[in-house]
Amino acid sequence: MDERPSSRLSGFYRQSLDQRLATLAGWAGLDDADLAALRAGLSVEQADHMVENALGLFALPLGLGVNFLINGRNYLTPMAVEEPSVIAAVSNAARLVRAGGGFTAGSSEPVMIGQVQLLDVPDPAAAEGAILASRDRLAALIDPLHPSIVRAGGGLRGVEVRHLPATPAGPMTIVHLLLDCRDAMGANAVNTAAEAAAPLLELLSGGRARLRILSNLSDRRRAWAACQIPVELLARGAAAGDEVARGIVEANAFAWADPYRAATHNKGIMNGIDPLAIATGNDWRALEAGVHAYAARDGQYRGLTDWRLVESDQAGPALAGRIELPLAVGIVGGATKVHPAAQVALKILGVASASELAEVMAAVGLAQNLSALAALAAEGIQQGHMALHARHVALAAGAPAGLVDQVAAQLIAEGQIRAARAVEILAELG
Ligand code: MEV
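Residues numbered from 1 in each chain as written. Predicted model: local features only at pLDDT ≥ 70, side-chain atom pairs only at ≥ 80, totals over all residues. Heavy atoms only, no water.

Student: Can you tell me about the site of the ligand, naming the residues and giving the values?
Tutor: Surveying the vicinity of the ligand reveals the residues Glu-83, Arg-261, Thr-264, His-265, Lys-267, Gly-268, Asn-271, Ala-372, Leu-376 and Ile-381. Here an oxygen atom of the ligand sits 2.7 Å away from a polar atom, N or O, in the side chain of Glu-83. Between Asn-271 and the ligand, the recorded distance is 2.9 Å, taken from a side-chain N or O atom to an oxygen atom. Burial of the ligand by the protein amounts to 84% of the accessible area it has alone, namely 300 Å². Broken down by secondary-structure element, the contributors of at least two residues to the shell around the ligand are α10 (259-279) and α14 (354-377). Of the residues belonging to the shell around the ligand, the class tally is 3 nonpolar, 4 polar and 3 charged. (Near = heavy atom within 4 Å. Polar contact = N/O pair within 3.5 Å; in protein donor to acceptor, adjacent residues only side chain to side chain. Areas by Shrake-Rupley, 256 points an atom, 1.4 Å probe, with all protein chains shown as cover. Helix = DSSP H or I, 4+ residues; strand = E, 2+ residues; numbered from the N terminus. Nonpolar A, V, L, I, M, F, W, Y, C, P; charged D, E, K, R; others polar.)

Shown next as structure tokens:
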């Protein structure tokens, strides 16, 4: 049961910034301190404690994705991003998906992989046997290092051994420690575990340990999201819904078959996921590394979504979409804890676990991809971008809030989106 009001916030973008904050405060139960944290973000003093040689702050716009319905629950998605159109596009796609019943989403257990590299192992097969037989000993060594994770139900879940018989540095035996990190992203926990286990692994294998570090290809920690949209809802401009749906399926096939297109396709997915990761204080480089490595898991780099036409029982033909990807995110520890705006972002999301956050991210990634493919399949991407670009030019030329849209519309109608022309139009409007 969803205890929250609807996230379908029609016309939110037309509100003033103060009105938006007031709407959001009412929706998410934010207090004045929360709103101040959203406006101010981090202080220089806090930054000084976070990184070395701190100089100041580098701000990004923080916006709100609206309209998300995921597993029957309403979500608003705080997104830190500099690229125009991203938040509008994702909100628009979420509105369409909502009309089709919303997203379903799920996730695996939050299991991360710690790697220990063993070299000069005299008998790799014997080493594998000895290491696999020592799972309980490894658990007894590793689990006490992470009492809070174990208390929350996590801990060592498994041990695997992989053989790399021919590397430029000779054969290697690689041990994977599978650690359920619950609500932590888990990088520290996994690295601690790998370092702690290394001496025992040396003993068991007769080799020497070199690297002891997590893998960012966190393919045991995946989230997925799916949706179905009646094709008629996809109509845009002159393009009929079934034509747009067909275009999306064809675009998806292009990304499946061609790495050059897949890179752009997946970049569009990350347009949604990274801003949410940044807003919640998560390590977006880790996500990027994992997602792109996962996209190449069968040896070819591919698009991460699946879009196909299906016959839905009640509503005729529908476009069905699905995404599945590794998303190692946390809601405790790290910057999620330190950054005041990240704390508020988590409050807005109202997620009860890191897995739930990953599920929301998967849905946001799928929505972002849907909006990009729908535009690309129909009118092309530039038309929407031009509208926003015209608004920026109008604003930069000094248009007051009440005139921005009018000036932008005229710039587009005249086909010349230039600052000098915006100034002239403003003068004419006097
Ligand atoms: C632009 O930031 C993202 C797109 O290029 C994604 C795509 O092509 O699918 C529009």
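Picking up after the structure, the text goes on.
Student: Give a detailed account of the packing of aromatic side chains, specifying residues and quantitative values.
Tutor: Taken as a whole and judged by the stated rule, the model has 1 aromatic pair. When the ring of Phe-68 is compared with that of Phe-103, the centres are 5.8 Å apart and the planes differ by 20°; the resulting orientation is stacked. A residue pair is termed long-range when its members are at least 10 positions apart, and Phe-68 in strand β1 (residues 62-70) and Phe-103 in the loop between α4 (86-99) and β3 (104-107) qualify at 35 residues. The same class applies to Phe-68 and to Phe-103, which are both buried. Over the face of the ring belonging to Tyr-75 we find Arg-4, whose NZ or CZ atom lies 5.0 Å from the ring centre. The ring of Trp-256 carries the charged tip of Arg-302 above its face, separated from the ring centre by 4.0 Å. (Phe/Tyr/Trp six-rings, centres within 6.5 Å; stacked < 30°, edge-to-face > 60°. Buried < 20%, exposed > 50% of the residue type's maximum accessible area, 1.4 Å probe, protein only. Lys NZ or Arg CZ within 6 Å of the ring centre and 35° of its normal.)

Student: Got a sec to walk through the side chain of Asn-74? Specific residues and values, please.
Tutor: Relative to the helices and strands, Asn-74 is located in strand β2 (residues 73-80). At 2.9 Å, the side chain of Asn-74 and the backbone nitrogen of Ser-7 are in polar contact. Those residues in contact with Asn-74 that sit more than four places away from it in its chain are Asp-2, Arg-4, Pro-5, Ser-6, Ser-7, Trp-27, Phe-68, Leu-69 and Arg-98. (Contact = heavy atoms within 4.5 Å.)

Student: I'd love a proper account of the domain arrangement of the protein chain, names of residues and values included.
Tutor: Domain boundaries in the protein chain define domain 1 (12-106 + 224-380), domain 2 (111-214) and domain 3 (384-429). When each unit is reduced to the centre of its C-alpha atoms, the spacing between domain 2 and domain 3 is 59 Å. (Domains from an automatic or database assignment.)

Student: A description of the nonpolar core should follow, citing residues and the corresponding values.
Tutor: Ranked by size, the top nonpolar core spans 58 residues in total, and within it Phe-68, Phe-103, Leu-325, Leu-327, Met-361 and Leu-370 carry the most contacts. Here this core takes 12 residues from α14, the largest share from any one element. Membership of the second largest hydrophobic core comes to 31 residues, among which are Val-175, Ala-189, Ala-286 and Ala-328. (Core = buried A, V, L, I, M, F, W, Y, C linked by side-chain atoms within 4.5 Å.)

Student: Can you lay out a nonpolar patch on the surface for me, pointing to particular residues and giving the numbers?
Tutor: A cluster of nonpolar side chains, Met-50, Val-51 and Val-338, forms an exposed patch at the surface whose accessible area comes to about 230 Å². Checked against the element boundaries, Met-50 lands in helix α3 (residues 44-50). Residue Met-50 is classed as partly exposed on the basis of its relative accessible area of 32%. (Patch = residues over 30% accessible without salt bridge, like charges linked within 9 Å, V, L, I, M, F, W, Y side chains within 5 Å. Salt bridge = Lys/Arg side-chain N within 4 Å of Asp/Glu carboxyl O.)

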